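Geometric and topological summary
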Amino acid sequence: MKLDVLYFAWLRERIGLSQERIETEARTVSELVAELRSREERYELAFSDLSAIRVAVDQDLTEFDADLSEAREVAFFPPMTGG
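Okay, so let's go over this structure. None of these values were measured; they are calculated from a predicted model.

So, how was this worked out
By convention here, each chain's residues receive numbers from 1 onward along its written sequence. Owing to the predicted nature of the model, reporting of local features is limited to residues with pLDDT of at least 70; listing and counting of side-chain atom pairs is limited to 80 or more, with chain, interface and lining totals taken over all residues. Note: side-chain values were computed over all heavy atoms of the structure, leaving out hydrogens and water. Any residue under 20% of the maximum accessible area for its type is buried, any over 50% is exposed, and the rest in between are partly exposed; the area is computed with a 1.4 Å probe on protein chains only. Here a helix means four or more residues in a row that DSSP labels H or I, a strand means two or more in a row labelled E, and each is numbered from the N terminus. For this quantity, the arc is that covered by the directions from the helix axis to the C-beta atoms. Contacts are residue-level and defined by heavy atoms, with any inter-residue pair within 4.5 Å sufficient. We call Phe, Tyr and Trp rings a pair once their centres come within 6.5 Å, taking the six-membered ring for Trp, and we label the pair stacked below 30 degrees between planes, edge-to-face above 60, and tilted otherwise. For this analysis, a salt bridge means a side-chain nitrogen from Lys or Arg found within 4 Å of a carboxyl oxygen belonging to Asp or Glu. What qualifies as a polar contact is a pair of N or O atoms within 3.5 Å, subject to a donor-acceptor requirement within protein and to the restriction that residues adjacent in sequence count only when both atoms come from side chains.

Turning to helix α2 (residues 29–37), a few remarks are in order. Of the positions making up α2, those classed as buried are V29, L32, V33 and L36. Burial along α2 is one-sided: seen end-on, the buried residues are contained in an arc of 100°. Looking at the buried positions of α2, the neighbouring elements they touch are β1 (2–7), β2 (19–23), α3 (41–46), β3 (54–57) and β5 (73–77).

The next thing to look at is the packing of aromatic side chains. Taken as a whole and assessed by the stated rule, the structure comprises three aromatic pairs. Summarising the aromatic geometry, the rings of Y7 and F76 are spaced 6.3 Å apart at their centres and angled 15° between planes, so their arrangement reads as stacked. On the criterion of sequence distance, the pair formed by Y7 in strand β1 and F76 in strand β5 is long-range, its members being 69 residues apart. Note on Y7: relative accessible area 1%, which makes it buried. On the basis of an interplanar angle of 80° and a centroid distance of 4.9 Å, the ring pair of F47 and F76 is categorised as edge-to-face. Of this pair, F47 sits in the loop between α3 and β3 while F76 sits in strand β5, placing them 29 residues apart in sequence. Assigned by exposure class, F47 and F76 land together as buried. Here a set of aromatic residues connected by ring pairs shows up, and it is made of Y7, Y43, F47 and F76.

This part is about the pattern of salt bridges. Counted by the stated rule, this structure contains six salt bridges. Here E23 ties to K2 by a salt bridge, and the two come within 3.6 Å at their closest N and O atoms. Here K2 lies in strand β1 and E23 lies in strand β2, a separation of 21 residues in the sequence. Here R42 and E40 are joined by a salt bridge, their closest N and O atoms 2.7 Å apart. The exposure class of R42 is partly exposed, given its relative accessible area of 29%. We classify E40 as partly exposed; its relative accessible area is 39%.

Checked against the element boundaries, E20 lands in strand β2. You can call E20 buried: its relative accessible area is 15%. Among the polar contacts listed, one links the side chain of E20 to the side chain of Y7, at a separation of 2.6 Å. At 2.9 Å, the side chain of E20 and the side chain of R39 are in polar contact. Not counting chain neighbours up to four residues away, the residues in contact with E20 comprise L3, D4, V5, Y7, L36, R39 and Y43.

Here it is, written out as structure tokens:
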């Protein structure tokens with residue numbers, strides 16, 4: 001399946017992209033992260049501490065075990081703070 005993957009804040013800086021369209025067989029966000037981490041060192045660095053990353057699938061906040069079977073977009077970003 002094809003997915004639009006978006007990266008925000010320091011994830012964007014570490015990976016060097018704000019978004020990309022990828023072809024993946026990942027069934028969950030966790031599988032997608034594992035696939036991305038295996039690509040090259042910049043992805044490994046960006047996803048080295050998953051506790052510091054939040055994820056949204058089709059603009060809905062979710063967990064890393066979320067299903068991707070119907071997804072069109074996955075976004076990764078650091079935790080948000082209120083104010």
